[in-house]
Amino acid sequence: MSAAVRAVSSTTKDVSFNPHLEEELKNSDGANTDDAEETEPEDDDDSKLESDRELDLGPQFSLKEQLEKDRDDESLRKWKEQLLGSVDISTVGESKDPEVKILSLTITSPDRPDLTLPIPFNNDPKKSLFILKEGSQCRMKFTFTVSNNIVSGLKYTNIVWKTGVRVDSRKRMLGTFSPQQEPYTYDLEEETTPSGMFVRGTYAARTKFVDDDKRCYLDVSYYFEIQKNWATP
């Protein structure tokens, strides 16, 4: 991803793969480790915090209107420049809503060449999108663009199931991003895939990107596998 970023006032809530997953799967009755059954994730915890009444924040303006408003006031203009940062005017539109495009997801590992998955995924939705080697060091990163307006509180969520049991849940607040032509790049922390015969098989996953206003920019479900070895190129 071309421009590495760090979130503005971001917070993290990560739940890594369950280290006791192998033992739990071994002790579960009738568990089929080769098939995955996708179930819908639980309602987002944030929805519990929503008020029954919406707060009236007054009229909203497009970013272009914000930049042009009071442009003859030098002190106000400098304040806006500090607030908004370096905004690419060519990416600013008339819309009040930001536009975020998730361009690709990339899986990196020191043992393998990078695997880049363009969005949308060009594969059979019932087949595995990629294969991970058990016990390997992997990192997920993604690229995205922002245009029209500032996106506030962009959040990444990823939930993984095996045989209908949720085994991994991750939430990451990425931050607030201004429009620019060059794609943003975000790297997640490196993690180790679980190992053992009982964790091998097919997993179902659901990945989402939403912002503070509950706009959803990507909601995609797919399958992947954990195997003893990497897939043959």
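Look above for the structure.
Residues numbered from 1 in each chain as written. Predicted model: local features only at pLDDT ≥ 70, side-chain atom pairs only at ≥ 80, totals over all residues. Heavy atoms only, no water.

**Student:** Whenever I open this one, the side chain of Arg172 confuses me. Can you help?
**Tutor:** Considering the arrangement of structural elements, one finds Arg172 in strand β8 (residues 165–177). Residue Arg172 is classed as buried on the basis of its relative accessible area, which comes to 3%. A polar atom in the side chain of Arg172 sits 2.5 Å from the side chain of Glu189. (Helix = DSSP H or I, 4+ residues; strand = E, 2+ residues; numbered from the N terminus. Buried < 20%, exposed > 50% of the residue type's maximum accessible area, 1.4 Å probe, protein only. Polar contact = N/O pair within 3.5 Å; in protein donor to acceptor, adjacent residues only side chain to side chain.)

**Student:** How do you make sense of the environment of Asp212 when you look at a structure like this?
**Tutor:** Its location among the elements puts Asp212 in the loop between β11 (201–210) and β12 (216–227). By relative accessible area, Asp212 is classed as partly exposed at 45%. Between the alpha carbons of Asp212 and Leu154 there is a distance of 6.7 Å; along the sequence they are 58 residues apart. Not counting residues within four places of it along the chain, the set of residues in contact with Asp212 comprises Ser152, Gly153 and Met173. (Contact = heavy atoms within 4.5 Å.)

**Student:** Just checking my understanding: could you explain the pairing of strand β4 (residues 112–118) for this structure?
**Tutor:** Remember that side chains alternate between the two faces of the sheet whenever the strand is regular. The pairing of strand β3 (residues 99–109) with β4 spans five bridges and is classified as antiparallel. In the sheet register, Ser104 faces β4, and the bridge partner there is Pro118. Hairpin connection of β3 to β4: two residues between the antiparallel strands. (Pairing = 2+ DSSP bridges.)

**Student:** Is there a simple way to think about the environment of Gln180 in this case?
**Tutor:** Looking at where Gln180 falls in the secondary structure, it is placed in strand β9 (residues 180–187). Placed 34 residues apart in sequence, Gln180 and Val146 show a C-alpha to C-alpha distance of 6.2 Å. Within the structure, Gln180 has its side chain in polar contact with the side chain of Tyr184 (distance 3.5 Å).

**Student:** I'm lost on unusual backbone geometry in this one. Help?
**Tutor:** Residues other than glycine predominantly adopt negative phi, and peptide bonds predominantly adopt the trans conformation. Pro120 follows Ile119 through a cis peptide bond whose omega is 0°. Take Pro120: it is sitting in the loop between β4 and β5 (128–133).

**Student:** Whenever I open this one, the nonpolar core confuses me. Can you help?
**Tutor:** One recurring pattern in soluble globular proteins: nonpolar side chains tend to sit buried together. Core analysis: the biggest nonpolar cluster contains 35 residues, and Phe142, Phe144 and Phe224 have the highest contact counts within it. Mapped onto this core, the elements with two or more residues apiece are β3, β5, β6 (137–147), β7 (151–162), β8, β9, β11 and β12. Top contributing element to this core by residue count: β12, with six residues. (Core = buried A, V, L, I, M, F, W, Y, C linked by side-chain atoms within 4.5 Å.)

**Student:** Sorry if this is basic, but what is going on with the pattern of salt bridges here?
**Tutor:** When the charged atoms of two side chains lie near each other, side chains of opposite charge can form a pair. The final tally for this structure, using the stated rule, is eight salt bridges. Among the salt bridges present, the one from Lys101 reaches Glu99, with a minimum N-O distance of 3.6 Å. We classify Lys101 as partly exposed; its relative accessible area is 47%. A salt bridge links Arg215 to Asp211, with the shortest nitrogen-to-oxygen separation between them at 3.0 Å. Salt bridges sharing partners connect three or more residues here, namely Asp97, Asp211, Asp213 and Arg215. (Salt bridge = Lys/Arg side-chain N within 4 Å of Asp/Glu carboxyl O.)

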